[in-house]
Structure formats: C-alpha cells, structure tokens
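Residues per chain, in single letters:
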Amino acid sequence: MILGYVISIVLTAALSGFLAWYAWRQRAVPGARAYARLALAGCLLALLETLSALSPSPDLALFWFRLCFTAGALTAVFWFTFALEYSGWTEWLSGRVVAGLFVIPALTQVLLWSNALHGLWVRQEAVFYRSGPFWIADIAARIPGLGLLTHLFYALFLVLAGVALIFLTAWRIRRAWRGQALALAGAGFIAFIFVANTLFPILPKTDFDPFTPGMGVSVLLIALAVFRFQFLKRAPET
C-alpha cells in the first residue's frame, strides 16, 4: 500500500507538470494562464511530498513536508483566481484583490517557519515512521495550532468558493460547454473533500496522508476536461 501511495504522488506530479506545460502552450485561451499556475503549484506540492518520502532522515522528511504547506497555500489561491477567470469575473482580479488573497497565506507561512518560538502553527508536529525505503508522515500524531487551522480553513473557503463559481458557470453556459465546466467543478469538489479530511477525518483511515493522492484524482478529472471536453483549447462563452 505504501508503494502505491508513493507511485500515486509521483504520477500526480508528472501529470500536473504535463498539464502546466500544456496549459502554457495554450496561454492565449482565457483561463489557460491561470490554470498553468495552478497546475504548476500542484506539481510542486506532489514533488515536495515525494522528496519527503524519499528523504534519508526523518528531519529532512519533515523539512520537505513543511514546504508542502507553502505549495498548498499557493494552490488554493491559484484555484480561486482560476475559477474567477474561467467564470468571467475578471474584473475581480485587480492587483489589490490578488495581493489581498495572499495575506493569510503569507502570515501562516511566517507562523509555520517560526513555530519553535511560539507553537502557534502546531502544538505537536507530525511524526515520521519508516516503511521500507520511505519516510511516511503520521499526521494523526499532529496537534494543530491556530496557524495551521487558519491555513486549512482558508484553503477550504477558497476551494469551495471556486467550486461554486464554476458550478454556477456550468448552468449559465451553453450545453456544449457544460461537460467541461462540470468536470472542473468536480475536480475542485474532490480537492475540497480531501482538504476537509485533514480537519475532520471523514474518509477511512490509511497508513499515509491521503491528501496528495486525492489531488491526483482531481488532476485526472481536469485531464478529462482537457482531452474530452476541450478545456484549454476553447473557452466557454460565459
């Protein structure tokens, strides 16, 4: 099972990286640039988790694991800005609004990297156990602090708001575009479930954190939107 987990995060990184490259090639299409940033952040998140699993020591595994929260903060913001652009709300994407979206992620990153001074990020860190050649995080041992809770609830809000925007767009646009929009909304909803599971365990317990493998399922749905419903080729008429 652990080998399958590691393979899943490697494949998630590869597919996200491919979609980031593919989206950038189609950057003239509305929403493609925003999705390229989102896919690249998702690729970085999966790569960091892969580096954590392959680390030679638990201390280095924890370092890469902490960096995952930086990539995760970027992913949540990029998802919301992508949803705004895809849904036709580009007037909301002013420099001030985008900068404002990064305020909480920036503050929580300060708390993350200075946690030893105050304990506001976590009161007790995740521990790592060895499984074959891999270091695996046991997040059940983690006791979150105010900083981590703020990070997770903010991510939940941005992901759910983005899902709502794209879902509403699916009902506004012509039938020809509805499959594309619903696939994207479904991808966002899967991401929401796995973020929520970090706060409220609603999925069956596993020997590893299912968050990044769950993101892989989300990326597969986006790939379906790309290759079945022409996402990144043609923009819907909103």
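Residues numbered from 1 in each chain as written. Predicted model: local features only at pLDDT ≥ 70, side-chain atom pairs only at ≥ 80, totals over all residues. Heavy atoms only, no water.

Draft legend 1. Seen up close, the packing of helix 2 (residues 32–53) against helix 9 (residues 211–228). The interhelical angle for the contact between helix 2 and helix 9, taken along N-to-C directions, is 150°, at an axis separation of 11 Å. When the axes of helix 2 and helix 9 are compared, the pair comes out roughly antiparallel. In this structure, helix 2 crosses over helix 9, and the sense of that crossing is left-handed. On the side of helix 2, the interface is formed by Tyr35, Leu45, Ala46 and Glu49, while helix 9 contributes Phe211, Thr212 and Ile222. By residue class, the composition of the contact of helix 2 with helix 9 is five nonpolar, one polar and one charged. (Axes fitted to C-alpha atoms, helices over the stretch in contact; angles between N-to-C directions. Helix = DSSP H or I, 4+ residues; strand = E, 2+ residues; numbered from the N terminus. Parallel < 35°, antiparallel > 145°, perpendicular 65-115°, else oblique. Left-handed = near helix turned anticlockwise from the far one by under 90°. Contact = heavy atoms within 4.5 Å. Nonpolar A, V, L, I, M, F, W, Y, C, P; charged D, E, K, R; others polar.)

Draft legend 2. Here's a closer look at the state of the cysteines. This model, assessed by the stated rule, comprises zero disulfides. Of all cysteine sulfurs in the structure, the one in Cys68 sits closest to Cys43, which takes part in no disulfide; the separation is 12 Å. Under the relative-accessibility criterion, Cys43 is labelled buried at 11%. We classify Cys68 as buried; its relative accessible area is 8%. (Disulfide = S-S within 2.5 Å. Buried < 20%, exposed > 50% of the residue type's maximum accessible area, 1.4 Å probe, protein only.)

Draft legend 3. The arrangement of the pairing of strand 3 (residues 134–138) in detail. Most of strand 3 sits inside the fold, with four of its five residues counted as buried. As paired elements, strand 2 (residues 127–131) and strand 3 share five bridges and run antiparallel to each other. Residue pairing in the sheet places Tyr129 in a bridge with Ile136 of strand 3. Hairpin connection between strand 2 and strand 3: a loop of two residues separates the two successive antiparallel strands, and Gly132 in this loop has a positive phi of roughly 65°. (Pairing = 2+ DSSP bridges.)

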